[in-house]
Amino acid sequence: DATQPTLAIGVESGRLQLMRHEHDDAPVLIDTGLIASNLKWATNGTVLALAGSYGGGQGSGAREVAMVQFYSPYGPHLRTLKVPGAGIQALSWEGGSLRVALAVDTFIYFANIRPDYRWGFFGDTLVAAYAQPERTDATVLFWNLTTDERTVKHLHRLLAIKATGENCVI
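Owing to the predicted nature of the structure, the values given are computational and were not obtained by experimental measurement.

Overview of the nonpolar core
Within soluble globular proteins, side chains that are nonpolar generally end up buried alongside one another.
So, point 1. Core analysis: the largest hydrophobic core is formed by 15 residues, its most contacted members being Val-68, Phe-70, Ile-88, Trp-93 and Leu-102.
So, point 2. Secondary-structure elements contributing two or more residues to this core are strand E5 (48-54), strand E6 (65-71), strand E8 (88-93) and strand E9 (99-104).
So, point 3. When residues no more than four places from it in sequence are discounted, the contact partners of Val-68 are Ala-49, Leu-50, Ala-51, Arg-79, Thr-80, Leu-81, Ile-88 and Leu-102.

Structure representation (structure tokens):
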């Protein structure tokens, strides 16, 4: 999406500013509540990962929890991944944006990322959306499993796919 933020600025206090360009008048502002240590976009630009720790509050039983928070480019929080150990020193995305590597204490952890795929099944047809690196819109595949006929459509601003019985709504 040409209008999605691609510039992320993060500070140690856990505040993020997501911008479309350096002169963006309406940036997305996020207060994560973490003490941030690392910030990385997924290689395909669809997810922002923020590594850090949460203090856990006051008291003698409170302890720091290391975690990674995942955000969409528009600001909504997607998931939180808690990690054993004292703190995350480094974070890196795998080339296909489906795994992250985390350096925690003297260990390296790998986490698989399962995106929420948009798909549905109606009649004898599977409909599924996916992104192609050379395109900014969504590619939607209609695949009739009985006849093996496949049709591809390209749609801008695809939000969801819902299907049941003999009907599909995109």
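Overview of the packing of aromatic side chains
So, point 1. Scanning the entire structure with this criterion turns up two aromatic pairs.
So, point 2. An angle of 75° between the planes, with centres 6.0 Å apart, marks the rings of Phe-70 and Trp-93 as edge-to-face. On the criterion of sequence distance, the pair formed by Phe-70 in strand E6 and Trp-93 in strand E8 is long-range, its members being 23 residues apart. For the pair formed by Phe-70 and Trp-93, the shared burial category is buried.
So, point 3. The aromatic ring of Trp-143 is capped on one face by Arg-150, whose charged end is 4.4 Å from the ring centroid.

Considering the sheet that holds strand E10 (residues 107-112)
So, point 1. Within the open sheet, the three strands sit side by side as E8-E9-E10. Their pairing is antiparallel. Both outer strands of the open sheet, E8 and E10, are each paired with one neighbouring strand and no more. Strand-to-strand twist of the sheet, defined as the mean angle between neighbouring strand axes without regard to direction, takes the value 20°.
So, point 2. Here six bridges tie E9 to E10, and the two strands are oriented antiparallel to one another. By the bridge assignment for E10, Ala-103 is matched with Ile-108.

Digging into the layout of surface pockets
The method is simple in principle: a probe with the dimensions of a water molecule rolls over the atoms, and the space it marks as empty is what remains.
So, point 1. Of the volumes computed, that of the largest pocket is approximately 1,800 Å³.
So, point 2. Along the wall of the largest pocket there are 42 residues; nearest its centre are Asn-44, Thr-46, Val-47, Arg-118 and Ala-131.
So, point 3. For the lining of the largest pocket, the elements supplying multiple residues, two or more each, are strand E7 (77-83), E10 and strand E12 (125-131).
So, point 4. Per-element accounting of the lining of the largest pocket gives the leading share, four residues, to E7.
So, point 5. For the lining of the largest pocket, the per-class residue count stands at 21 nonpolar, 13 polar and eight charged.

A few points about the pattern of salt bridges
Pairs can form between side chains of opposite charge whenever their charged atoms are close.
So, point 1. Within the structure shown, the criterion is met by three salt bridges.
So, point 2. The closest approach of N and O atoms between Asp-31 and Arg-15, which form a salt bridge, is 3.8 Å. Here the residue Asp-31 occupies a position in strand E3 (residues 28-31), and Arg-15 occupies one in strand E2 (residues 15-19), the gap between them amounting to 16 residues.
So, point 3. The closest approach of N and O atoms between Asp-24 and Arg-20, which form a salt bridge, is 3.1 Å.
So, point 4. Assessed through its relative accessible area of 13%, Asp-24 is described here as buried.
So, point 5. For Arg-20, a relative accessible area of 32% puts it in the partly exposed group.

Section: unusual backbone geometry
So, point 1. Even without being a glycine, Ser-97 presents a positive backbone phi close to 65°.
So, point 2. As for its placement among the helices and strands, Ser-97 is situated in the loop between E8 and E9.
So, point 3. One non-glycine residue, Arg-157, lies in positive phi territory at about 55°.
So, point 4. Along the chain, Arg-157 turns up in the loop between strand E14 (150-155) and strand E15 (162-164).

About the thresholds
Residues numbered from 1 in each chain as written. Predicted model: local features only at pLDDT ≥ 70, side-chain atom pairs only at ≥ 80, totals over all residues. Heavy atoms only, no water. Core = buried A, V, L, I, M, F, W, Y, C linked by side-chain atoms within 4.5 Å. Buried < 20%, exposed > 50% of the residue type's maximum accessible area, 1.4 Å probe, protein only. Helix = DSSP H or I, 4+ residues; strand = E, 2+ residues; numbered from the N terminus. Contact = heavy atoms within 4.5 Å. Phe/Tyr/Trp six-rings, centres within 6.5 Å; stacked < 30°, edge-to-face > 60°. Lys NZ or Arg CZ within 6 Å of the ring centre and 35° of its normal. Pairing = 2+ DSSP bridges. Axes fitted to C-alpha atoms, helices over the stretch in contact; angles between N-to-C directions. 1 Å grid on protein atoms, 1.4 Å probe; cavity = no way out; pocket = protein on both sides within 12 Å on 5 of 7 lines; lining within 4 Å. Points joined across faces, edges and corners; volume = space filled by probe spheres on them. Nonpolar A, V, L, I, M, F, W, Y, C, P; charged D, E, K, R; others polar. Salt bridge = Lys/Arg side-chain N within 4 Å of Asp/Glu carboxyl O.

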